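Remarks on the overall topology
Listed below are the residues making up each chain.
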Amino acid sequence: MASGRRRGTRTRVTVSAGCAGLLAVLALLCGCSRTDAAAEGRQQTPVEVLRRAPDALAVAGSSAVRTAMEMDSGGTRITVTGEGGFDYVTGMGELMLTLPVRQEEDTGLPVTEVFAPGELYMKNRGAGVPPDKWVRIDVTTVADGNLVTGGATDPLLAAELLRGVTSASEVNREEMNGKPVTHFRGVTDLGAAARAASGAVAEQLRAAVAGDRFPDPEVEFDAYVDEDGLLRRVSHHFGFAGQLSGGDEALVQVASTVDLYAFGRPVDVELPGDDEVYAGRVA
């Protein structure tokens, strides 16, 4: 279904109908898709639906994504938008970001971000980095788990945050991209999500819990889930202890949103080779 990670080599990650069907059967056997609630003949609670949303994405395999991160501090608001694709089985994806031009030295060129388990690669990001080089970050060591610092919304991380949902309720039912969805609103807990997640995502969430960037571990969210349990949109609302351009600390209000669509679409991810990664200091 998916080939392994190879640096510097174009890797096509394809989820075919047959593979997706096999995943669905396996999920049924392990109880990921057919929940205990359904087996008992009762309706799932909003908390159950949302905690299992990452499992439904793994069954779907991959999707196209659109992201937006809006940051507001002291009346100054900036928005970073992105578009690309993500594979929820391998944890790999790519986004092309559009950043606001705020200073004369800003190029206005899009920033490419490539995600791999525990790693983030950024091109055209960072003062003094040659245009043909990538910046590589170990996101399991970043103080906020890269929930905010990278300036983009990691679709897998956004979904995995829902494993820590402590309370949720149904707002209404509506339509999104031609699909009927249920709009939920609630609160998720960073610590609970970190304990429920696994692999590199769990490490990132543990870093966010251990860091000093989130004064409140409880994160409000809005989530839109379709009839198949697939997450179509999720927005998280953080209070983030950030640093202004002058060096002063400030509480930044962050709204991080990801839209998911075109499930099963092939995702191409190319990891930069070691010789393409910038080894100098990044401002």
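Residues numbered from 1 in each chain as written. Predicted model: local features only at pLDDT ≥ 70, side-chain atom pairs only at ≥ 80, totals over all residues. Heavy atoms only, no water.

With respect to the pairing of strand E6 (residues 119-123)
- Burial of E6 is extensive: 4 of the 5 residues sit out of reach of the surface.
- Taken together, the 5 bridges between strand E5 (residues 111-116) and E6 define a ladder with antiparallel strand orientation. Bridging from a neighbouring strand, Phe115 pairs with Leu120 of E6.
- Judged from the 5 bridges that link them, E6 and strand E7 (residues 134-138) form a sheet pairing that is antiparallel. Bridged to Lys123 within E7 is Trp134. (Buried < 20%, exposed > 50% of the residue type's maximum accessible area, 1.4 Å probe, protein only. Helix = DSSP H or I, 4+ residues; strand = E, 2+ residues; numbered from the N terminus. Pairing = 2+ DSSP bridges.)

Here we look at the side chain of Thr188
- Along the chain, Thr188 falls in strand E9 (residues 179-189).
- Judged by its relative accessible area of 0%, Thr188 is buried.
- A polar contact is formed between the side chain of Thr188 and the backbone oxygen of Leu161, at a distance of 2.6 Å.
- At 3.2 Å, the side chain of Thr188 and the backbone oxygen of Gly164 are in polar contact. (Polar contact = N/O pair within 3.5 Å; in protein donor to acceptor, adjacent residues only side chain to side chain.)

Focus: the packing of aromatic side chains
- Applying the stated criterion across every chain yields a total of 4 aromatic pairs.
- With a centroid separation of 5.9 Å and 55° between ring planes, the pair formed by Phe86 and Phe115 is classed as tilted. Taken together, the positions of Phe86 in strand E3 (residues 76-87) and Phe115 in strand E5 put the pair 29 residues apart, joining distant regions of the chain. Of the two residues examined, Phe86 and Phe115, each falls in the buried class.
- Ring geometry for Phe214 versus Phe240: centroids 5.8 Å apart, planes at 55°, classification tilted. Here Phe214, found in the loop between helix H7 (199-210) and strand E10 (218-226), pairs with Phe240, found in strand E11 (residues 231-243); they are 26 residues apart in sequence, far enough to count as distant.
- Owing to a relative accessible area of 9%, Phe240 belongs among the buried residues under this scheme.
- Among the aromatic side chains, those forming a connected cluster through ring pairs are Phe86, Tyr88 and Phe115.
- Above the face of the Tyr224 ring, Arg233 is positioned so that its terminal group lies 5.7 Å from the ring centre. (Phe/Tyr/Trp six-rings, centres within 6.5 Å; stacked < 30°, edge-to-face > 60°. Lys NZ or Arg CZ within 6 Å of the ring centre and 35° of its normal.)

Some remarks on the pattern of salt bridges
- Scanning the entire structure with this criterion turns up 9 salt bridges.
- Among the ionic pairs, Arg163 bridges to Asp55, the shortest N-O distance being 3.0 Å. Linking Arg163 in the loop between helix H5 (155-160) and strand E8 (165-176) with Asp55 in helix H4 (residues 53-60), this pair joins segments that are 108 residues apart in sequence.
- Exposure remark for Asp55: the relative accessible area of 21% places this residue in the partly exposed category.
- Here Arg163 ties to Glu160 by a salt bridge, and the two come within 2.6 Å at their closest N and O atoms. Of the two residues, Arg163 and Glu160, both sit in the buried class.
- Through salt bridges with shared partners, a single ionic network connects Asp55, Glu160 and Arg163. (Salt bridge = Lys/Arg side-chain N within 4 Å of Asp/Glu carboxyl O.)

So, the pairing of strand E4 (residues 92-98)
- Here 7 bridges tie E3 to E4, and the two strands are oriented antiparallel to one another. Paired with Gly82 across the two strands is Leu97, which belongs to E4.
- Hairpin connection of E3 to E4: 4 residues between the antiparallel strands, including Gly91 at a positive phi of 75°.
- Pairing geometry for E4 and E5, over 5 bridges, is antiparallel. Residue pairing across strands places Glu94 opposite Val114, the latter belonging to E5.

A few points about unusual backbone geometry
- Backbone geometry at Asn177 places phi at a positive 50°, although glycine is not the residue there.
- By the element assignment, Asn177 lies in the loop between E8 and E9.
- By relative accessible area, Asn177 is classed as exposed at 55%.
- Unusually for a residue other than glycine, Ala262 sits at a positive phi of about 50°.

Things to note about H4
- With respect to burial, H4 is a largely interior element, 6 of its 8 residues being buried.
- Among the residues of H4, Ala53, Pro54, Ala56, Leu57, Val59 and Ala60 are the ones counted as buried.

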